[in-house]
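Structural description and commentary
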Amino acid sequence: MTSRIDRGTMRKVAGVLIALAAWQSFAMSSGSRLIPGIEDIAIEFAGLALNGELADHTLTSLSQGLLGLFIAFSIASVSGYAAARNWAVDAAIHPLVSLAYPVPKLALYPLVILLLGLGWESRTAQVALECFFPLFVHAHAGAKAVAPRMEWLARNVDASPWQAARDVIVPTAMPYMLTGLRIAIPIMLIVTTVTEFIGDSQGLGYLIARSASYFDTASAFAVIVVLGALGLLGDRLVVLARDRLVFWEKGASL
Amino acid sequence: MNDGRRAEPGAGGAPVEPGSNLIRLRDVSKTFQRDDHVVHALDALDLCVGRGEFVTVLGPSGCGKTTLLHLVGGFELPTAGTVSVDGCEVMGPGRDRGMVFQEATLFPWRTTRSNVAWPMEVEGVGRREARRRADRLLARVGLRGFENAYPSELSGGMRQRAALARTLAMEPSVLLMDEPFGALDAQTREAMQEELMRLWQASGLTVMFVTHDISEAVFLGDRVVVMGVSPGRIVEDRRIDLPRPRTAQTRTDPRVLEYRAHLWELLARHRAASDPEPERVP
């Protein structure tokens, strides 16, 4: 069993190593200063990490991104639940959501800036706006996924709406909501980064833009590696939470 | 005792004397709108079930036997006619009528004990007391030692036992069972039938048990109500004179064979005359 897992891990590591080697040979053969080798990226990474800049900007980006994600999760959970359980709410919200889902919400960013300014408020709002949709769709699907038999059971037992929500509907919706979260986390990182390209001198996106403007591509890549690591970390955390919270759905992948 | 006795007109709200009918269906019809046509699930059906009686409802798919159970359970309301339990017209589900579904409807996120304790928690019984009573109920259905198991760790038969224990936790006076053993293998099913007989014998519960298995209907029931299709109606209400308590030995009683042969013939005749409608799934 363990040897099999080890073999799987080794395969993944091998894949990453091959990709890195390919990049390195590409960087070396191109001879362009704009395509940094891995050692250049590592040096820049160490520099940014040691002078504390990387930590500062990561903190800024994460706090804004996570706040936006939290706001989106809260609103999406409540409205998704309400729409799934009540046809009138569904009629009010669902068509709007379906209509707005395919619209690239970044198109609204100039308007969001007009409303909220260039500070953290507009970026957080933009993250919330973009993350809301997948979270809503999954919360809605989850609250709808309650088997009719379970509903009848709740009625038979004469559970109050609150008891039915707590004991039946929320546990059923949980795996769906975690799937939504797993989709929303990379979106959160993307939107945070893009909004930081513009305006305030804070955050990982700003760091990338600044490095690029100095033709310092090695630094830019160092920051990109951090973004990738954050995305991976967030993803693993959701998977871990799922294994803990939704332990009864064994073997079901997100 | 009371088989075949019909409710007198206007007797719906009258106080019921002991030993009389607990469940009365009077002139009950139920239609469903399906796409562009109307399905007559039940048509002008009359049925009475006595207090403490075990009635099995037998019929082919689509005869409305599940609908009949849902009407008594209050999950659906009749299009015409009245359904009353203990003298009160059924207007919705209630804890006095416990439903056992074909598939054990257990919460996969709760242990067996916690599943059984749930109806009591909902009622406001303290957590510790609910757990204590749940353990007692689990012992009653033969699940001692599985209190901490999750439903996924139980076999189909054990899950159905747990579901039964949870239904009993509501302390119902009527048990409505919708093909509860339909998904089990033959051996487990027979064991469960015998177990149910043992439980019921000591309980005083009134049971309506829906099945399409003739042997099961005969083995369990004081009466077998046979239903026919399109529209769903009662074609025979047969008293089963087999001694109580019924045990594994009952199965070898020669009268069992007679009843089975008779019911088989009846069902075959009515199946031939029907155009089958898909069974309504809850």
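Everything numeric here is computed off the predicted structure, so don't read it as measured data.

What to know about the packing of aromatic side chains
Tallied over the full model, the rule gives 14 aromatic pairs over all chains. Plain terms: the ring middles of Tyr101 of chain A and Phe133 of chain A are 5.8 Å apart, the flat faces sit at 20° to each other, and that makes the pair stacked. On the criterion of sequence distance, the pair formed by Tyr101 of chain A in the loop between α4 (87–100) and α5 (109–116) and Phe133 of chain A in helix α6 (residues 120–144) is long-range, its members being 32 residues apart. Taking relative accessible area as the criterion, Phe133 of chain A reaches 7% and is therefore assigned buried. Between Phe247 of chain A and Tyr150 of chain B the ring centres are 5.0 Å apart and the planes differ by 70°, which places this aromatic pair in the edge-to-face class. Here Phe247 of chain A, found in the segment after α10 (217–245), pairs with Tyr150 of chain B, found in the loop between α3 (127–140) and α4 (156–168), and the two come from separate chains. For Phe247 of chain A, a relative accessible area of 29% translates into the label partly exposed. For Tyr150 of chain B, a relative accessible area of 26% gives the class partly exposed. Here a set of aromatic residues connected by ring pairs shows up, and it is made of Phe247 and Trp248 of chain A together with Phe107, Trp109, Trp118 and Tyr150 of chain B. Over the ring of Phe133 of chain A we find Lys105 of chain A, and its NZ or CZ is 4.1 Å from the ring centre. The side chain of Arg251 of chain B reaches across the aromatic face of Phe219 of chain B, ending 3.9 Å from its centre.

Brief notes about the nonpolar core
Ranked by internal contacts, the top residues of the largest apolar core, which has 50 residues, are Leu69, Cys131 and Leu135 of chain A together with Trp118 of chain B. Only α2 (38–50), α3 (53–85), α6, α7 (148–157), α8 (161–197), α9 (203–213) and α10 of chain A together with α2 (112–123) of chain B provide two or more residues apiece to this core. It is α8 of chain A that provides the largest number of residues to this core, a total of 10 residues. Excluding residues that lie within four positions of it along the chain, Cys131 of chain A makes contacts with Leu69, Ala72, Ala184, Ile187 and Met188 of chain A. Within the second largest apolar cluster, 36 residues are counted, among which are Val141, Met158, Ala169 and Met177 of chain B.

Topic: the domain arrangement of chain B
All names here are of chain B. Per the domain assignment, the segments making up chain B are domain 1 (1–96 + 173–282) and domain 2 (106–171). With 15 residues of domain 1 at the interface, the matching set in domain 2 holds 17 residues. Counting each side, the surface lost to burial between domain 1 and domain 2 is near 1,200 Å², with a carbon and sulfur contribution of 63%. Contact with domain 2 buries surface across domain 1, with Arg95, Met192 and Leu199 losing the most and accounting together for 52% of the total. Taken together, domain 1 and domain 2 are joined by two salt bridges. Counting residues per element, the side of domain 1 that touches domain 2 draws most heavily on helix α5 (residues 186–201), at six residues. Partitioned by chemical class, the residues of the side of domain 1 that touches domain 2 number nine nonpolar, three polar and three charged.

Brief notes about the environment of Ala107 of chain A
Residue position: Ala107 of chain A is located in the loop between α4 and α5. Between the alpha carbons of Ala107 of chain A and Ser30 of chain A there is a distance of 36 Å; along the sequence they are 77 residues apart.

Calculation notes
- Residues numbered from 1 in each chain as written.
- Chains lettered and ligands numbered in written order.
- Predicted model: local features only at pLDDT ≥ 70, side-chain atom pairs only at ≥ 80, totals over all residues.
- Heavy atoms only, no water.
- Phe/Tyr/Trp six-rings, centres within 6.5 Å; stacked < 30°, edge-to-face > 60°.
- Helix = DSSP H or I, 4+ residues; strand = E, 2+ residues; numbered from the N terminus.
- Buried < 20%, exposed > 50% of the residue type's maximum accessible area, 1.4 Å probe, protein only.
- Lys NZ or Arg CZ within 6 Å of the ring centre and 35° of its normal.
- Core = buried A, V, L, I, M, F, W, Y, C linked by side-chain atoms within 4.5 Å.
- Contact = heavy atoms within 4.5 Å.
- Domains from an automatic or database assignment.
- Buried area = accessible area lost by both parts, 1.4 Å probe.
- Salt bridge = Lys/Arg side-chain N within 4 Å of Asp/Glu carboxyl O.
- Nonpolar A, V, L, I, M, F, W, Y, C, P; charged D, E, K, R; others polar.

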